[in-house]
Amino acid sequence: MEGARRLPVAADALLSPSEAKVGARGEGANAAEAPPPLYPLFLNLAGRPVLVVGGGEVAARKVLPLIECGADVRVGAPELNEALKKLKTEGRITHLEGEFQPHWLDDVFLAIAATDVVEVNRAVADEGAARRLWVNVVDDTELTRVQVPAVVRRGPLTVAISSGGAAPVLARQLREKIEQSVDESFGQLAELLRIFRSRIRARFSHVPSRRKFMETLWPGEVGELLRASRLDSARACLIELIEAGEPEGSREGFVSLVGAGPGDPGLLTLKGHRRLQEADVILHDRLVSREVLELARRDAQFIEVAKEAGTHHTTQEGIHALLLEHARQGKRVVRLKGGDPFIFGRGGEELEFLRAHGIPYEVVPGITAALACAAHAGIPLTHRDHAQSVRFVTAHCRNSIDALDWCALAQEKQTLAVYMGVSGLDTLRERLLAHGRAASTPAALIENGSRAEQRVFHCDLASLPETAKREAVKSPALLILGEVAALGRALAWFGKHAAALTALEPAKSTVLLRIDMRA
Ligand code: SAH
């Protein structure tokens, strides 16, 4: 095992005093005597005979990973299911036909009992024990001596998780967590190191210098290139570093421009999450929610750069300077922006700046406010009957309002998603009406879209500014204007404004749904 560290959980501390006192009879006493931990091993099964007893689905599930690991798999059962039959036809398993025979165990290395008959599983376990064989009995912690862990694989790297049978579901959940936070680049680097192992050993024969070299790879340029899916460049870079024969000295920084989504942490992408976990420095807008920031690496440096309208605490130039300063120190910088970095986020300007200064970067998109607000207000942005197109517009100050093509924006049967629009609603209404949009065009104002405190207000174009004023709609808020906005009254499903869905008595075979329009 490499670097395993067991954080002891004192069973006593988890028991109440009465449970601990129950004595030999009670659960408490059993629970207090936590069994010793399992000893983890990784088996090389290549070419080794392994017996699986059982011909059903459970057995088939056990067989596939064994084949993958190169084992010589024998499946003992009176009958095989379709999947196993196919493997037999393909010559990938041997079928031992009939009821379990103890001699099946004679020359195997490992046996797995995977039948649904307890007696058969027990016989395999007992006969196996008599032969000092390793036997796994599926789903039976009492009988089994060998447990098969939940596994995460990345190339040659394998993470195996076991709860010793105490909590298989928890082990699976932990696996999912690891699955999400460990990206493919780990496996790719391990694979590269396997390929170049002897070259590295030859170039760095001194163990400490080899270790130092190895340590620079994952956080360094090779790792960065892999994380950007630039496999060929990563390979070339590794070769160059090996040839150079000394540890990478001055590592170049890297900037990830990451979209944080609208606030609900569930709407952050997996890739965005990984970048937050790897970051040395995170430069984030005020718009980014606390819940999203909590997903970042704890010891990263967090810098808030407030750039909302009216509060220019940090200018765009200031942000550029910060990006440059940290990247030049060789850090992994995450520039975290609300929604998507390329939608009214000045992401383009930041990339131009980075490009001009030779700093490598990547962009991880996020869910933009229009998509999130529409989804959480039950407003389809397009709809066959109501809107054939959708436009994302911003109208936060006079200049940007004047620059818009009002003729195009006022067309009917299209949806406008207006960002940063709360303060310019009077002008917006005046221009749209002047260009022929109907006063009765439905509108919805969505404040804090996707967040627990989301508020949605439905009105029409005519009453838009008054509605915003009456309800004191605050930033961040998005306006959705167009025929589709009305659909949200009936389709809302999220938060306080969810439309009530009441099922009526089913009439014969038809189920009728009544949608309460008052919400
Ligand atoms: N890049 C961001 C937009 C930045 S502009 C994105 O892609 O979403 C900021 C504007 O986005 C706000 O003024 C508001 O109109 C909108 N916005 C961002 N998050 C929002 C949210 N959770 N609810 C409503 N509007 C939001």
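Every value quoted in this text rests on a predicted model; they were computed, and no experiment measured them. (Residues numbered from 1 in each chain as written. Predicted model: local features only at pLDDT ≥ 70, side-chain atom pairs only at ≥ 80, totals over all residues. Heavy atoms only, no water.)

Caption draft 1: Examining the pairing of strand S15 (residues 442–447) more closely. Within S15, six of the six residues are buried, which leaves it mostly tucked inside the rest of the structure. A two-sided burial pattern is seen for S15, the buried positions comprising Pro442, Ala444 and Ile446 on one face and Ala443, Leu445 and Glu447 on the other. Here S15 runs beside strand S16 (residues 455–460); their pairing, made up of six bridges, is antiparallel. In the strand pairing of S16, Leu445 is matched with Phe457. As defined by bridge partners, S15 adjoins strand S17 (residues 477–481) across five bridges and the pair is classed as antiparallel. When the bridges of S17 are listed, Ala443 appears paired with Leu481. (Buried < 20%, exposed > 50% of the residue type's maximum accessible area, 1.4 Å probe, protein only. Helix = DSSP H or I, 4+ residues; strand = E, 2+ residues; numbered from the N terminus. Pairing = 2+ DSSP bridges.)

Caption draft 2: Main features of the pattern of salt bridges. What the rule picks out here adds up to 31 salt bridges. Salt-bridge contacts for Arg275 lead to Glu362; the nearest nitrogen and oxygen are separated by 2.5 Å. Placement of Arg275 in helix H13 (residues 270–278) and of Glu362 in strand S12 (residues 361–364) is noted, with a sequence separation of 87 residues between them. Of the residues examined, Arg275 reaches a relative accessible area of 4% and is grouped as buried. (Salt bridge = Lys/Arg side-chain N within 4 Å of Asp/Glu carboxyl O.)

Caption draft 3: Layout of the packing of aromatic side chains. Summed over all chains, the structure comprises seven aromatic pairs. Ring geometry for Phe109 against Trp134: centres 6.5 Å apart, planes inclined by 50°, an arrangement best described as tilted. Linking Phe109 in the loop between strand S3 (94–97) and strand S4 (110–113) with Trp134 in strand S5 (residues 134–137), this pair joins segments that are 25 residues apart in sequence. Judged by relative accessible area, which is 30%, Phe109 ranks as partly exposed. On the basis of relative accessibility, which here comes to 36%, the residue Trp134 falls in the partly exposed class. Summarising the aromatic geometry, the rings of Trp493 and Phe494 are spaced 5.4 Å apart at their centres and angled 65° between planes, so their arrangement reads as edge-to-face. The ring of Phe109 is capped by Arg48, whose NZ or CZ atom sits 4.4 Å from the centre of that ring. Directly above the aromatic system of Trp218 lies the positively charged group of Arg227, at a separation of 4.3 Å from the ring centroid. (Phe/Tyr/Trp six-rings, centres within 6.5 Å; stacked < 30°, edge-to-face > 60°. Lys NZ or Arg CZ within 6 Å of the ring centre and 35° of its normal.)

Caption draft 4: Quick look at the confidence of the model for the protein chain. When pLDDT is averaged along the protein chain, the result is 87, and 86% of the positions lie at 70 or above. Considering only residues more than four positions removed or in separate chains, one finds that residues 503–519, a stretch of pLDDT under 50, has 18 contacts. (pLDDT = per-residue confidence, 0-100. Contact = heavy atoms within 4.5 Å.)

Caption draft 5: View of the packing of helix H4 (residues 57–68) against helix H5 (residues 82–89). Direction vectors running N to C along H4 and H5 enclose 35°, while the axes themselves pass 9 Å from each other. The element H4 and its partner H5 pack so that their crossing is left-handed. Counting all contacts with H4, which are made through Ala59, Ala60, Val63, Leu64 and Ile67, the residues of H5 involved are Ala83, Leu84 and Leu87. (Axes fitted to C-alpha atoms, helices over the stretch in contact; angles between N-to-C directions. Left-handed = near helix turned anticlockwise from the far one by under 90°.)

Caption draft 6: Examining the environment of Gly436 more closely. As for its position among the elements, Gly436 is in the loop between helix H20 (425–434) and S15. As a C-alpha pair, Gly436 and Gln411 span 25 residues in sequence and 7.6 Å in three-dimensional space.

Caption draft 7: Structural detail: H4. Over its 12 residues, H4 runs 17 Å from end to end, which matches the ideal 16 Å to within 8%, given 1.5 Å per residue. Considering only its buried residues, H4 is in contact with strand S1 (49–53), strand S2 (72–77), H5 and S4. Following H4 by one or two positions, Gly70 adopts a phi angle in the positive range, close to 85°. (Expected span 1.5 Å × (residues − 1).)

Caption draft 8: Expanded view of the site of the ligand. Surveying the vicinity of the ligand reveals 19 residues, the closest of which are Asp340, Ile343, Thr368, Gly449 and Ala477. Residue Gly338 places a main-chain N or O atom 3.0 Å away from a nitrogen atom belonging to the ligand. Taking Gly449, its main chain carries an N or O atom lying 2.7 Å from a nitrogen atom of the ligand. The fraction of the free accessible surface of the ligand (540 Å²) that becomes covered by protein chains is 93%. Of all elements in the fold, only helix H17 (369–376) and S17 reach the threshold of two or more residues within the shell around the ligand. Considering only residue class, the shell around the ligand consists of 12 nonpolar, five polar and two charged. Formed jointly, the shell around the ligand draws a minimum of three residues from each of two domains, domain 3 (254–367) and domain 4 (385–504). (Near = heavy atom within 4 Å. Polar contact = N/O pair within 3.5 Å; in protein donor to acceptor, adjacent residues only side chain to side chain. Areas by Shrake-Rupley, 256 points an atom, 1.4 Å probe, with all protein chains shown as cover. Nonpolar A, V, L, I, M, F, W, Y, C, P; charged D, E, K, R; others polar. Domains from an automatic or database assignment.)

Caption draft 9: Main features of the sheet that holds S4. Overall, parallel pairing links the five strands, which are arranged S3-S2-S1-S4-S5 in an open sheet. Bordering the open sheet on either side are S3 and S5, each of which pairs with just one other strand. Across the sheet, the axes of successive neighbouring strands diverge by a mean angle of 20°, strand direction being ignored. Across five bridges, the pairing between S1 and S2 is parallel. Bridge pairing links Val52 to Val75 in S2.

Caption draft 10: Molecular detail of helix H15 (residues 316–328). Here H15 spans 18 Å end to end across 13 residues, near enough to the 18 Å set by a 1.5 Å rise per residue. All of the buried residues in H15 are Gln316, Ile319, His320, Leu322, Leu323, Leu324, His326 and Ala327. The elements touched by buried residues of H15 are strand S8 (254–259), strand S9 (281–284), strand S10 (301–304), strand S11 (332–337) and helix H16 (347–356). Following H15 by one or two positions, Gly330 adopts a phi angle in the positive range, close to 80°.

Caption draft 11: Representation of the sheet that holds S15. Taken in spatial order, the five strands make up an open sheet running S13-S14-S17-S15-S16, and their pairing is mixed. Every other strand in the sheet has two partners, leaving strand S13 (389–394) and S16 as the edge strands with one partner each. Strand after strand, the sheet turns through a mean of 20° between neighbouring axes, direction not considered. Taken strand by strand, H17 contacts S13, strand S14 (414–419), S15 and S17, and its axis lies near 70° from that of S17.

Caption draft 12: Highlighting the packing of H15 against H16. Across the interface, H15 lies against H16 with an axial gap of 10 Å and an inter-helix angle of 45°. With respect to their mutual orientation, H15 and H16 come out oblique. Read as a crossing pair, H15 and H16 show a hand that is right-handed. Of the residues in H16, those in contact with Gln316, Ile319, His320, Leu323 and Leu324 of H15 are Glu349, Glu350, Phe353 and Leu354. Across the contact of H15 with H16, the residue classes break down as five nonpolar, two polar and two charged. (Parallel < 35°, antiparallel > 145°, perpendicular 65-115°, else oblique.)

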